[in-house]
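# A closer look at the structure
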Amino acid sequence: MSTPLGHDTTASASPPLLVTADSQAYTAATQPHNSSAQQRPVRVAAASHPQDVATALAEVAALERSLGRPLQVVPQATGHGAGAPVGNSAVLLDTSQLTDVVIDPDARTAVVGAGTTWATVNAAAERHGLLGLAGSAPTVSVSGYTFGGGIGWLVRRDGLASGALRAVHYLDGGGRSRTAADDAADDVDREAIWAFRGAGGVGIAHTLEIDLVPAPHLHAGALLWHAEALPDLLAAWSATIGAVGAGVSSSIAVLHVPALPPFPPALHGKVAVHLAIADPDGPGGAVPLLQAMRAVAPPVLDTWGPSDAAGLARIHLDPPTATPAVGDARWLDASTPDIAAALLATAADDDAGVVMMEVRHVAGAPTRRPGAVTTAPGDFIFHAVAPLNLFPRERIEAAFARARSVWSSADAGTTPGSWVEGAASVPQALVPEVRARAAAAAAAVDPGGRIRRSRLLG
Ligand SMILES: Cc1cc2nc3c(=O)[nH]c(=O)nc-3n(C[C@H](O)[C@H](O)[C@H](O)COP(=O)(O)OP(=O)(O)OC[C@H]3O[C@@H](n4cnc5c(N)ncnc54)[C@H](O)[C@@H]3O)c2cc1C
């Protein structure tokens, strides 16, 4: 038998997959991109072949019998979504070496290993004039991003990445190989694909099938201004955000700028206003917003222009290295332009207690397929991030509370779950009926609770 990526599933690695804390594989796997919670699992299994996932599950069952206590398996690709600590009642299943990518340019689809990052997928896709629906950071994996909804720079034209998920090849809690798809024969797999689309995922995925989209006229850029212009820039943003083209996705943010490239030295250590903006259909749609904001003050940095996948992955200016970040986020409604200036002003003081606060514009995003979260629950997203190595948690919580007192008037009712960095669980990521259906799908796939449930299930 072979997998969708052509691997022979009868081959099995002979040395044990589970390794202890004295091994290199253990050290590498337990350094997640989000380092806010400790990872000290009893063992690590690094899968480099889909069959390794089944082998790892079998070895965990054997280890459980020999230790005489229950163990859980925690799947992890990059650890951008790490939240709850991983302790010695868990085995960390590192999927980061499952990175094969096969593009079908005619069908406009990709089949990707569950540990593949967006940088790898889009580098392969753009050779065929196509892109996957990546988000701001190229180092995020397709799996956690897509299972958490996946809101990227093409969202207003092409929808959430969760809706572009065609099928998932995965293992259930008993180690059985399955395929989650809308046309699967078994109801468990039809419910599983619905849950993989935005409720955080169920079981352990080893291969994903996704849609790609054309973006031959892609334009993108990052613009930065000194924060003194914040009120006027936000007034210009609020007045024109509704006038941009239907494919233009953007983020307006306040940034506390580190003394690092790619930031211009003039902004090092300062507070800046940051516009990240993209349009897959050419430069025209962004003109009203860019003109209005450039007229307020000349930007210190302005990279707007024709772009490729790598350029698109740079516009949000995300930190490339691991950080102990904690975040807050919320879906907001169409009244957001009325409160955006007051909201972002809460992050503009030197001692604001956050390093980044943004408002993303996602209004009009189409729904590609049914799923737990494949329709954007709001027109905008509020998002703020602070690293625990810079601020005590109480100060960060106070900053989030100040912001909440402003955005609550535009609250659309749920949280974009995977945007809440460093949280062990996100209780309001799903409305109750969606959470109940996704929890039932997870229980059907894994009745014994062998696999740690997604933090989006609360
Ligand atoms: C710098 C940065 C920028 C970001 N930008 C965006 C953005 O623009 N848009 C957006 O929507 N999100 C964004 N995110 C959030 C990101 O989508 C989540 O952090 C996501 O969970 C990361 O997925 P991952 O697989 O890389 O992380 P991981 O921590 O490896 O995985 C996250 C979770 O996904 C599940 N999972 C992962 N692999 C598997 C598997 N094989 N089988 C079953 N479940 C699995 C698990 O529940 C796991 O805990 C960003 C995050 C960061 C840190």
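The rules we used
Residues numbered from 1 in each chain as written. Predicted model: local features only at pLDDT ≥ 70, side-chain atom pairs only at ≥ 80, totals over all residues. Helix = DSSP H or I, 4+ residues; strand = E, 2+ residues; numbered from the N terminus. Buried ≥ 20, exposed ≤ 12 C-beta atoms within 10 Å, placed from the backbone. Near = placed C-beta within 6 Å. Nonpolar A, V, L, I, M, F, W, Y, C, P; charged D, E, K, R; others polar. Pairing = 2+ DSSP bridges. Arc of directions from axis to C-beta. Contact = placed C-beta atoms within 7 Å. Domains from an automatic or database assignment. Axes fitted to C-alpha atoms, helices over the stretch in contact; angles between N-to-C directions. Parallel < 35°, antiparallel > 145°, perpendicular 65-115°, else oblique. Left-handed = near helix turned anticlockwise from the far one by under 90°.

## Thoughts on the overall build of the protein
Looking only at helices and strands, the protein has twelve helices and 19 strands in total. Referenced to the eigenvectors of the C-alpha coordinate spread, the extents of the protein come out at roughly 65 × 50 × 40 Å. For the protein, buried positions account for 55% of its 458 residues.

## Remarks on the site of the ligand
Around the ligand sit 34 residues, and of these Gly-81, Gly-135, Ala-137, Ser-141 and Gly-144 come closest. At the level of secondary structure, the elements contributing two or more residues to the shell around the ligand comprise strand E3 (72–76), helix H4 (142–147) and strand E10 (204–211). Sort the elements by how many residues they give to the shell around the ligand and H4 lands first, with four residues. Among the residues making up the shell around the ligand, the classes are represented as twelve nonpolar, 20 polar and two charged.

## Quick word on the sheet that holds E3
Pairing within the open sheet is mixed, and its four strands lie in the order E1-E2-E4-E3. The outermost strands of the open sheet, each flanked by one partner alone, are strand E1 (18–19) and E3.

## Examining the pairing of strand E4 (residues 90–94)
Counting buried positions over the five residues of E4 gives five, a clear majority of the element. Burial of the side chains of E4 extends over both faces: Ala-90, Leu-92 and Asp-94 are buried on one face and Val-91 and Leu-93 on the other. Pairing between strand E2 (residues 43–46) and E4: four bridges, direction parallel. Looking across to E4, one finds that Arg-43 is bridged to Val-91. Taken together, the five bridges between E3 and E4 define a ladder with parallel strand orientation. Looking at E4, one finds that Pro-75 is bridged to Leu-93.

## Digging into helix H8 (residues 287–296)
Turning to H8, its buried residues number three or more, namely Leu-289, Leu-290 and Met-293. Buried residues in H8, looked at end-on, bunch into an arc of 95°, giving them a common side. Across H8 from its buried face, at more than 90 degrees, point the exposed residues Gln-291 and Ala-295. Against the buried residues of H8 lie strand E12 (219–226), helix H7 (230–240) and strand E14 (271–279).

## A short note on the domain arrangement of the protein
The assigned domain composition of the protein is domain 1 (18–94), domain 2 (101–214 + 430–446) and domain 3 (219–419). For domain 2 and domain 3, the distance between their C-alpha centroids amounts to 25 Å. Taken together, the contact between domain 2 and domain 3 spans 35 residues of the former and 34 residues of the latter. Mapped onto the side of domain 2 that touches domain 3, the elements with two or more residues apiece are helix H3 (118–125), H4, helix H5 (155–158), helix H6 (187–196) and helix H12 (432–445).

## Looking at the environment of Ala-235
Within the secondary structure, Ala-235 sits in helix H7. Residue Ala-235 is classed as partly exposed on the basis of its C-beta count, with 16 C-beta atoms lying within 10 Å. Spatially, the C-alpha atom of Ala-235 lies 22 Å from that of Gly-247, the residues being twelve residues apart in sequence.

## Some remarks on the packing of helix H10 (residues 336–345) against helix H11 (residues 393–407)
With their axes 9 Å apart at the nearest point, H10 and H11 run at an angle of 165° to one another. The pairing of H10 with H11 is recorded here as roughly antiparallel in orientation. Read as a crossing pair, H10 and H11 show a hand that is right-handed. Counted together, Ile-339, Ala-342 and Leu-343 of H10 and Ala-403, Val-406 and Trp-407 of H11 form the full contact between these two elements.

## A short note on H7
Inspection of H7 places Leu-230, Leu-233, Leu-234, Ala-236 and Trp-237 among the buried residues, and these make up the whole buried set. When H7 is viewed along its axis, its buried side chains cluster within an angular range of 160° and face the same direction. Where H7 is buried, its residues contact E12, strand E13 (249–256), E14, H8 and H10.

## Notes on the sheet that holds strand E6 (residues 109–113)
Spatial strand order, E5-E6-E10-E8-E9: five strands in an open sheet with antiparallel pairing. The sheet terminates laterally at strand E5 (101–104) and strand E9 (177–181), the two strands that pair on one side only. For this sheet, the mean inter-axis angle between neighbouring strands, taken without regard to orientation, is 15°. Across five bridges, the pairing between E6 and E10 is antiparallel. Directly across from Thr-109, in E10, lies its bridge partner Asp-211. Helix-sheet contacts for helix H2 (residues 50–67) involve strand E8 (165–171), E9 and E10, and the interaxial angle to E10 is about 150°. This element, H3, spans E5 and E6 of the sheet and lies at about 35° to E5.

## Quick look at the environment of Pro-280
Residue position: Pro-280 is located in the loop between E14 and H8. Once the C-alpha coordinates of Pro-280 and Arg-156 are considered, the two residues, 124 residues apart in sequence, prove to be 10.0 Å apart. Those residues within four positions of Pro-280 in sequence are excluded, and the remaining contacts are Leu-154, Arg-157, Ala-215, His-217, Leu-218 and Gly-247.

## Thoughts on unusual backbone geometry
Note that the residue after Pro-261, namely Pro-262, is joined by a cis bond; omega there is 10°. Even without being a glycine, Arg-108 presents a positive backbone phi close to 55°. Locating Arg-108 in the fold gives a position in the loop between E5 and E6. For Arg-108, a count of 16 C-beta atoms within 10 Å puts it in the partly exposed group. Of note, the phi angle at Leu-317 is positive, near 60°, even though the residue is not glycine. Among the structural elements, Leu-317 can be located in the loop between helix H9 (309–312) and strand E17 (325–332).

## Quick word on the pairing of E12
Of all eight residues making up E12, seven are buried, and the element is well covered by its neighbours. The sheet contact formed by E12 and strand E16 (residues 305–306) spans two bridges and is antiparallel. Looking across to E16, one finds that His-219 is bridged to Pro-306. As judged from the two bridges shared by E12 and strand E15 (residues 301–302), these two strands associate in the antiparallel manner. In the strand pairing of E15, Leu-223 is matched with Asp-302.

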